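Notes for the structure review
One letter stands for each residue in the lines below.
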Amino acid sequence: MDATLISDAVIIQNLLVKRGAFALRDIDVRVPTGFVTGVVGPNGAGKTSLIKALLGLIAPDEGTITLFGAEHPGNRAAQQRIGVVLDRVTAMPEWHVGSIGRRIGPLYAEWDEELFRGLLERFEIPADNRVDALSRGQSVKLSLAMALAHRPQLLLLDEPSSGLDPVARRDLADIIREFMVDPSHTVLFSTHITSELDELADHIIVLNDGLVAFAGMLDELHERFAIVRGRPPFPDEARPATIGLRFESSGVYEALIRTEDTARFGPDTVIDAASTDDVVVHFAEHARSARHSARDGGPAAPGKESNR
Amino acid sequence: MIATFTLFDVRNFATTQPLRMILPLALVVLFGASVPIPGAPIVIAALIASITTSYYFQGDERGMLDTLYAASSISRPAVVIGRYISALIFAAAAVGLGAATTVVMTAVRHQSLSWPLALGMLVAAFGIVSVALAVQLPWFFALGFTRGRPMIYIPVGILSIAGFVAGQTGFLDGSIQITSSGVPLALVSILTVTFC
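Residues numbered from 1 in each chain as written. Chains lettered and ligands numbered in written order. Predicted model: local features only at pLDDT ≥ 70, side-chain atom pairs only at ≥ 80, totals over all residues. Heavy atoms only, no water.

Thoughts on helix α5 (residues 136-148) of chain A
Stated precisely, the cut-off is as follows: Secondary structure elements follow DSSP: runs of H or I of four or more residues count as helices, runs of E of two or more count as strands, with numbering from the N terminus. In this analysis, the expected span of each helix is defined as 1.5 Å times one less than the number of residues it contains. Only protein chains enter the accessibility calculation, which uses a 1.4 Å probe; a residue whose area is less than 20% of its type maximum is buried, one above 50% is exposed, and one in between is partly exposed. By the convention used here, residues are in contact when the closest approach between their heavy atoms is within 4.5 Å.
Here α5(A) spans 18 Å end to end across 13 residues, near enough to the 18 Å set by a 1.5 Å rise per residue. Counting buried positions over the 13 residues of α5(A) gives 11, a clear majority of the element. For α5(A), the full list of buried residues reads A:Gly137, A:Ser139, A:Val140, A:Lys141, A:Leu142, A:Ser143, A:Leu144, A:Ala145, A:Met146, A:Ala147 and A:Leu148. On its buried face, α5(A) is in contact with β6 (82-85), α3 (100-104), α4 (113-122), β7 (154-158) and α6 (166-179) of chain A together with α4 (65-70) of chain B.

Observations concerning the pattern of salt bridges
Heads up, the rule is: The salt bridge definition used is simple: a Lys or Arg side-chain nitrogen within 4 Å of an Asp or Glu carboxyl oxygen.
Following the criterion strictly, the structure yields 16 salt bridges over all chains and no others. The salt bridge involving A:Arg229 is made with A:Glu254; its shortest N-O contact spans 3.0 Å. Note that A:Arg229 is positioned in strand β11 (residues 225-230) and A:Glu254 in strand β13 (residues 253-258), a separation of 25 residues in sequence. Of the charged contacts, one joins B:Arg76 and B:Asp66 as a salt bridge, the two residues approaching to 3.9 Å between their closest N and O atoms. Here B:Arg76, found in helix α5 (residues 76-108), pairs with B:Asp66, found in helix α4; they are 10 residues apart in sequence, far enough to count as distant. Exposure remark for B:Asp66: the relative accessible area of 36% places this residue in the partly exposed category.

A short note on the packing of aromatic side chains
Keep this limit in mind: Aromatic rings from Phe, Tyr and Trp, taking only the six-membered ring of Trp, are treated as a pair when their centres fall within 6.5 Å; an angle between ring planes under 30 degrees marks them as stacked, one over 60 as edge-to-face, and anything in between as tilted. A positively charged side chain is recorded as over a ring if its NZ (Lys) or CZ (Arg) lies within 6 Å of the ring centre. The angle to the ring normal must also be within 35 degrees.
Evaluated as defined, the whole model comprises 15 aromatic pairs over all chains. Ring centres 6.0 Å apart and planes at 85° place the aromatic pair B:Phe8 and B:Tyr69 in the edge-to-face group. Pair noted here: B:Phe8 is in helix α1 (residues 2-16) and B:Tyr69 is in helix α4, with a separation of 61 residues, a long-range link. For B:Phe8, a relative accessible area of 6% corresponds to the buried category. On the numbers, 5.0 Å between centres and 85° between planes, the contact of B:Phe57 with B:Phe141 is edge-to-face. Residue B:Phe57 is located in helix α3 (residues 40-62), and its partner B:Phe141 is located in helix α6 (residues 115-148); the two are separated by 84 residues in the primary sequence. By the burial criterion, B:Phe57 is buried, and B:Phe141 matches it. Among the aromatic residues, those joined into a ring-pair cluster are A:Trp95, B:Phe5, B:Phe8 and B:Tyr69. Positioned above the aromatic ring of A:Phe68 is the side chain of A:Arg81, whose terminal nitrogen or guanidinium carbon lies 3.9 Å from the ring centre.

As for unusual backbone geometry
All names here are of chain A. In this structure, asparagine 14 takes a positive phi of about 50° despite not being glycine. Relative to the helices and strands, asparagine 14 is located in strand β1 (residues 8-19). The backbone of phenylalanine 68 sits at a positive phi, close to 50°, despite the residue not being glycine.

Structural notes on the interface of chain B and chain A
How large an interface is tends to be reported as the accessible area lost when its parts come together. Definition in use: Each of two parts loses accessible area, computed with a 1.4 Å probe, when they are put together; buried area is these two losses added. In protein, a polar contact requires one atom able to donate a hydrogen and another able to accept it; more generally it is a pair of N or O atoms within 3.5 Å, and residues adjacent in sequence count only if both atoms are side-chain atoms.
Every contact between the two is made by 24 residues of chain B and, on the other side, 26 residues of chain A. For the pairing of chain B and chain A, the buried interface totals around 2200 Å² over both sides, and the portion due to carbon and sulfur atoms is 60%. If you sort the residues of chain B by the area they bury against chain A, B:Met64, B:Leu68 and B:Ser73 come out on top, with a joint share of 24%. Our enumeration of links across chain B and chain A arrives at one salt bridge. Measuring nitrogen to oxygen at the nearest pair gives 2.4 Å for the salt bridge that ties B:Arg62 to A:Glu94. Applying the counting criterion to the chain B and chain A interface returns nine residue pairs in polar contact (both at pLDDT 80 or more). When contributions to the side of chain B that touches chain A are tallied by element, the ones reaching two or more residues are α1, α3 and α4 of chain B. Sort the elements by how many residues they give to the side of chain B that touches chain A and α1(B) lands first, with seven residues.

Written out as structure tokens, the structure is:
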């Protein structure tokens, strides 16, 4: 796909966000309009920090975030076009579901109470229930109803399917697909469940240890990486080409490699297409080895890939 | 936007956990009926109102309302100014109730109300609320409720100690004597409001 033809809902440039000992750094990514972008990475990779920075809840230490062409945070017009679904409902636990629209509606310029009521009915959320009496699945659906009722163009979801049963997860995927019928809509969601990415995402950002390991279309991720497996001895000359080299208990080694490096490995190795899961796992492994090497005084250089 | 947020904030404070509003106001009245010092409920109301300011921020954390504000049409300056106004509205209601209690109890006890003293109490109440809000709100906005929690007690504690010392050393009007029952009652009330 020609990247120059795609407009971007979000452009993040050289972002640095420090959170105690952790830092989200050198973040240079774009979220294309009209696509579902998945942010994936292991726990602690920086997914939530990235979403909070996009919302303006964390001030960047360096770099810029551009939202719908306007510098952010600080641009209310751009901010109003975001709908947010976080791990918890943004409502007081004592509120009754049916009263939420009346309470928070005035805070939004384009709140549609009729749409909100309709979504509650469709999602089968009882209006007379208190927020703290809802199940996890109902809470996510309530958050979605609240996010969609002010007609956003960008939907930000932070691990929305975490803790959901398969039926609720399927419902969530259906709602996201329905939202994406409008080509001006964009979704950015974080997850550590890679099967969701394969099912929903067009574009992917792999975060690892606060760095972007890969950013690009999902198809390109599968084209760009491969998995190599073989029996020791491991060819030392091929070591720089590997990402997250692991030795299994059976003695077989496994590593992620870039597809252009396949020629470095001999005929006694097996090279397969890498799944999204493989990429996430091996980048995490690579970062862990790099941390250990740095602690022991050796070189440390986690890989980074980006097509945009 | 400021008015919209203030309305939301006051309504949320008053209706989400009504006991948190009713109990402090009830304590103001309780003081009026218990402490035989004309005008004392006015100052006590200001101290109680200063403690309850933190409730707004506690609500923000419990309901993740900061995130709600961040993704709404309300600007951050409107949230900050609106929060100051909400806190002032509650303080005004508490001090107003303290003043009404003073007037009613003075009549019930067949005492004469010294208007200069009552005015002095109102000025003191205004000073207490102003100092507390000026110190507490920036702190809570920066740190949130949980991390900023010690600031609930610090302004009120300092002001209470300063007032007590000033009273005992005769710095204030010597005609006012602190009764033996007044100090423990004040402490119990402040602790009740703090931990409820």
